[in-house]
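So you can see what is in the structure, the chains are spelled out below.
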2 protein chains.
Amino acid sequence: MSDDQLIEIEIGDEIIYEGRVVNLHVKQVRLPNGQPAKREIILHSGAVAVVPLLPDGQVMLVRQYRKAADRVLLEVPAGTLDHKGEAPEAAAIRELREEIGYRANQLTSLGGIFVAPGYSTEYIHLYLAQDLVHDPLAADSDEFIHTVTMPLTEALAKIMSGEIEDAKTVSSLLIAARRFS
Amino acid sequence: MSDDQLIEIEIGDEIIYEGRVVNLHVKQVRLPNGQPAKREIILHSGAVAVVPLLPDGQVMLVRQYRKAADRVLLEVPAGTLDHKGEAPEAAAIRELREEIGYRANQLTSLGGIFVAPGYSTEYIHLYLAQDLVHDPLAADSDEFIHTVTMPLTEALAKIMSGEIEDAKTVSSLLIAARRFS
């Protein structure tokens, strides 16, 4: 069957809220059967997530309190694109310097993910970062982060045990492990 | 270092919007350094995503137009918990019947993921479904879905090639492949 039978046509767009990270719109669409429907959509500028891999097979992760999850999560370094025009590669380099204090001289794309395509436009570009050199950049003033270094194999075990539960971290580590094994 | 140095304390909560899928709040928090900050948070009731695995090693996936992604995505069957109290296992069984028309007699947990812990409370419970029998349930009236069956190995190749870009699908398929290989 053709995808044309699945597509929704936008027929209205109401701005509910414009914030720092989240912009909420309620859109009216016409369904494939001609009926109207409402879609609540978060417009998000996109993000990057980076697996920083050291020559000895260790990865550098961050522990960060996430208010929405109401817990401290173990994640790969990541962040939102600063503005619509920021190139994902530039954002990946910047976030690594801000969050773990290292510059990556080698960046390899691991693809990308829509994290919540039912209601958010956010697309996270995933990268593997290698050839890391110490070169810190001042972090965002409202981010409190602890860096943790562990073997990639240990991080993968933490995914399988449920200790790592962040989608971009699960996706990027498992894609990296599959690509480079 | 202790996680206590990372935790934010909620000191205010403003309801911006209450919708069908998305409830937007702006919360005031006190940062670990004592300073206040604003957190834009989507309160979400949670969801399930299910990898339906047939005895011959094929998985059943769905193609669905996602307005937020503005494209048709290839995903594992999934859906939001119907109400706060719906058990994730019950939701997994229901969504499989609605989306692909099969009842799973065997459901195995694959853990779970926070899809966007920076701004959404959504946690997706991941399952592997086996011993599938044809037993359809009427689908949501505003969902238009095509079912696609392919070998798990082909789905994994589509993750690595970038053809599958949905976070819950990437996470659940790669966790399933790692656990049962």
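This text goes with the structure placed above it.
The structure presented is a predicted model; accordingly, all values stated were derived computationally and were not measured. Position numbers for residues start from 1 in each chain and track the written sequence from start to end. All chains are assigned letters beginning at A, and all ligands numbers beginning at 1, according to the order in which they are written. Since the coordinates come from a predicted model, pLDDT governs what is reported: local features require at least 70, and pairs of side-chain atoms require 80 or more to be given and counted, while whole-chain, interface and lining totals use all residues.

Student: How would you explain the overall build of chain A if you had to name every residue and give the values?
Tutor: Put simply, DSSP marks the helices as runs of H or I at least four residues long and the strands as runs of E at least two long, and each gets a number from the N terminus on. Along chain A, the regular secondary structure elements total three helices and 10 strands. Ordered by position from N to C terminus, the α and β elements of chain A give β-β-β-β-β-β-β-α-β-β-β-α-α. Projecting the C-alpha coordinates of chain A onto the three principal axes gives extents of approximately 55 × 40 × 30 Å. Counting across all 181 residues of chain A, residues that qualify as buried make up 42%. Residue pairs in contact within chain A that sit at least 24 positions apart in sequence constitute 60% of those at least 6 positions apart. Note on burial: count the other C-beta atoms lying within 10 Å of the residue's C-beta; 20 or more is buried, 12 or fewer is exposed, in between is partly exposed, and C-beta positions come from the backbone. Remark: residues whose backbone-derived C-beta atoms lie within 7 Å of one another are considered to be in contact.

Student: Just give me the short version of the interface of chain A and chain B, but keep the residues and values in it.
Tutor: With 59 residues of chain A at the contact, the number on the chain B side is 59 residues. Counting only elements with at least two residues in the side of chain A that touches chain B, the list comes to strand 1 (9–18), strand 2 (23–30), strand 3 (36–43), strand 5 (58–66), strand 6 (71–75), strand 8 (102–114), helix 2 (152–161) and helix 3 (167–179) of chain A. If one sorts the elements of the side of chain A that touches chain B by residue count, helix 3 of chain A sits on top with seven residues. The residue inventory of the side of chain A that touches chain B, partitioned by class, reads 32 nonpolar, 11 polar and 16 charged. Each residue is assigned to one of three groups, with Ala, Val, Leu, Ile, Met, Phe, Trp, Tyr, Cys and Pro labelled nonpolar, Asp, Glu, Lys and Arg labelled charged, and all others, Gly among them, labelled polar.

Student: How would you summarise the sheet that holds strand 6 of chain A if you had to cite specific residues and measurements?
Tutor: Hydrogen bonds between backbone groups are what pair the strands of a sheet, and the pairing can be parallel or antiparallel. All names here are of chain A. Two strands pair if DSSP finds at least two bridges between them. Spatially, the three strands line up as an open sheet ordered 6-5-10, and their pairing is antiparallel. The open sheet has two free edges, formed respectively by strand 6 and strand 10 (145–151), since each of these has just one partner strand. Ignoring which end each strand starts from, the neighbouring axes of this sheet average 25 degrees apart. Relative to strand 6, strand 5 runs antiparallel, the two being bridged by five bridges. Considered in strand 6, the bridge of Tyr65 is made with Val72. The axes are straight lines fitted to the C-alpha atoms, using for helices just the contacting stretch, and the angles between their N-to-C directions are given from 0 to 180°.

Student: Give me the lowdown on helix 3 of chain A, citing residues and values where you can.
Tutor: Residue and element names in this part refer to chain A. For helix 3, spanning 13 residues, the distance from its first C-alpha to its last is 18 Å, which sits close to the expected 18 Å at 1.5 Å a residue. Across the 13 residues that make up helix 3, a large majority, 10, are buried. What helix 3 keeps buried is the set Ala167, Lys168, Thr169, Val170, Ser171, Ser172, Leu173, Leu174, Ile175 and Ala176. In this scheme, a helix's expected span is set at 1.5 Å multiplied by one less than its residue total.

Student: Describe the relation of the copies chain A and chain B, naming the residues involved and giving the relevant values.
Tutor: The second copy of the chain is related to the first by a rotation about an axis and a shift along the axis. Least-squares superposition of the copies uses the C-alpha atoms of those residues scoring a pLDDT of at least 70 in each of them. Each copy of the sequence occupies a distinct position, and chain A is placed on chain B by a rotation of 180 degrees and an axial shift of 0.0 Å, giving an RMSD of 0.0 Å. Considering both components of the superposition, the chain copies are consistent with a two-fold axis. Interface overlap between copies is the fraction of interface residues in one copy that are interface residues in the other; for chain A against chain B it reaches 100%, indicating a shared surface.

Student: Account for the pairing of strand 3 (residues 36–43) of chain B, with residues named and values stated.
Tutor: Residues and elements named next belong to chain B. Both strand 2 (residues 23–30) and strand 3 contribute to a ladder of eight bridges, which runs antiparallel. Opposite Leu24, over in strand 3, you have Ile42 as the bridge partner. Taken together, strand 2 and the strand that follows it, strand 3, pair antiparallel across an intervening segment of five residues, in which Gly34 is found at a positive phi of about 90 degrees.

Student: Break down the sheet that holds strand 5 (residues 58–66) of chain B for me, with residues and values.
Tutor: All names here are of chain B. In space, the three strands of this open sheet follow the order 6-5-10, with antiparallel pairing throughout. The open sheet has two edge strands with one neighbour each: strand 6 (71–75) and strand 10 (145–151). If you compare each strand with its neighbour and ignore which way they point, the axes differ by 25 degrees on average. The strands that helix 2 (residues 152–161) touches are strand 5, strand 6 and strand 10; relative to strand 10, the one it contacts most, it runs at about 105 degrees.

Student: Would you mind going over the packing of helix 3 of chain A against helix 3 (residues 167–179) of chain B in detail, with residue names and values included?
Tutor: At a closest axis distance of 9 Å, the pairing of helix 3 of chain A and helix 3 of chain B adopts a crossing angle of 50 degrees. The orientation of helix 3 of chain A relative to helix 3 of chain B falls into the category oblique. Crossing of helix 3 of chain A over helix 3 of chain B shows left-handed handedness. Between helix 3 of chain A and helix 3 of chain B, the residues in contact are Ala167(A), Val170(A), Ser171(A), Leu174(A) and Arg178(A) and Ala167(B), Val170(B), Ser171(B), Leu174(B) and Arg178(B), respectively. The residue inventory of the contact of helix 3 of chain A with helix 3 of chain B, partitioned by class, reads six nonpolar, two polar and two charged. Angle categories are assigned with fixed cut-offs, so that under 35 degrees is roughly parallel, over 145 is roughly antiparallel, 65 to 115 is roughly perpendicular, and the rest are oblique. In this scheme the handedness of a crossing depends on how the near helix is turned from the far one: anticlockwise by less than a right angle means left-handed, clockwise means right-handed.

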